[in-house]
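# Fold and contact review
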Amino acid sequence: QVQLVQSGGGLVQAGGSLRLSCAASGRTFSSYVMGWFRQAPGKEREFVAAIDWNGSRLYYADSLKDRFTISRDNAKNAVYLQMISMKPEDTAAYYCAASSSSSNYFRSSTYAYWGQGTQVTVSS
């Protein structure tokens, strides 16, 4: 079974920075779209960012593109999410995900493989 293992969550003050990591095992993801999503209690899971490992194309939610950066290390089968200037509304459980499809990257239903999630809490 493909496994995505996340790390890097935690508590951060508003205005601070945090970096999330997601490492894949069990399969090579060189041709996969990798994405980050987040979900706050009582809310729908929302798209954060995605990266096409083949073309190194980056996609972001419009409201986050100036503060969040997605990157990857193909040698490690890993994807990262660097978050800066964090706000309380960034508080959520964050999930990395992988899809063999390059379409509909912004939809959570596109992704077949998911990390375990990690909590990010931004205090004011």
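Residues numbered from 1 in each chain as written. Predicted model: local features only at pLDDT ≥ 70, side-chain atom pairs only at ≥ 80, totals over all residues. Heavy atoms only, no water.

### A word on the nonpolar core
Counting 34 residues, the largest nonpolar core has Trp36, Leu81, Met83 and Tyr94 as its most contacted members. Residues within four places of Met83 in sequence aside, it is in contact with Gly16, Ser17, Leu18, Leu20, Arg67, Phe68, Tyr94 and Val120. (Core = buried A, V, L, I, M, F, W, Y, C linked by side-chain atoms within 4.5 Å. Buried < 20%, exposed > 50% of the residue type's maximum accessible area, 1.4 Å probe, protein only. Contact = heavy atoms within 4.5 Å.)

### Considerations on unusual backbone geometry
At Ser85, a position not held by glycine, the phi torsion is positive, near 50°. Within the element layout of this structure, Ser85 appears in the loop between strand S8 (78–83) and strand S9 (92–99). On the basis of relative accessible area, Ser85 is assigned to the partly exposed category, the value being 40%. The backbone of Asn104 shows a phi angle near 50°, a positive value even though the residue is not glycine. Tracing the sequence through the fold places Asn104 in the loop between S9 and strand S10 (113–114). (Helix = DSSP H or I, 4+ residues; strand = E, 2+ residues; numbered from the N terminus.)

### Looking at the pattern of salt bridges
Scanning the entire structure with this criterion turns up three salt bridges. A salt bridge links Arg38 to Glu46; its shortest N-O distance comes to 2.7 Å. Across the salt bridge formed by Asp90 and Arg67, the nearest N and O atoms sit 2.9 Å from each other. In this pair, Asp90 is assigned in the loop between S8 and S9 and Arg67 in the loop between strand S6 (57–60) and strand S7 (68–73), connecting sequence segments 23 residues apart. Of the two residues examined, Asp90 and Arg67, each falls in the buried class. Within this structure, Arg38, Glu46, Arg67 and Asp90 form a network of salt bridges that share partners. (Salt bridge = Lys/Arg side-chain N within 4 Å of Asp/Glu carboxyl O.)

### A few points about the packing of aromatic side chains
Counted according to the given criterion, the structure contains nine aromatic pairs. Aromatic pair Tyr32 and Tyr113: ring centres 6.4 Å apart, planes at 40°, arrangement tilted. With Tyr32 in the loop between strand S3 (18–25) and strand S4 (33–39) and Tyr113 in strand S10, the pair connects residues that are 81 residues apart, well separated along the chain. You can call Tyr32 buried: its relative accessible area is 9%. Above the face of the Tyr95 ring, Arg45 is positioned so that its terminal group lies 4.1 Å from the ring centre. (Phe/Tyr/Trp six-rings, centres within 6.5 Å; stacked < 30°, edge-to-face > 60°. Lys NZ or Arg CZ within 6 Å of the ring centre and 35° of its normal.)

### Structural notes on the sheet that holds S3
Spatial strand order, S1-S3-S8-S7: four strands in an open sheet with antiparallel pairing. Each edge of the sheet is formed by a strand with only one pairing partner; in this case those strands are strand S1 (3–7) and S7. Here the average twist between neighbouring strands, direction ignored, is 20°. Bridge analysis of S7 against S8 gives six bridges, and the strand direction is antiparallel. The residue bridging Asp73 from the neighbouring strand is Ala78, located in S8. (Pairing = 2+ DSSP bridges. Axes fitted to C-alpha atoms, helices over the stretch in contact; angles between N-to-C directions.)

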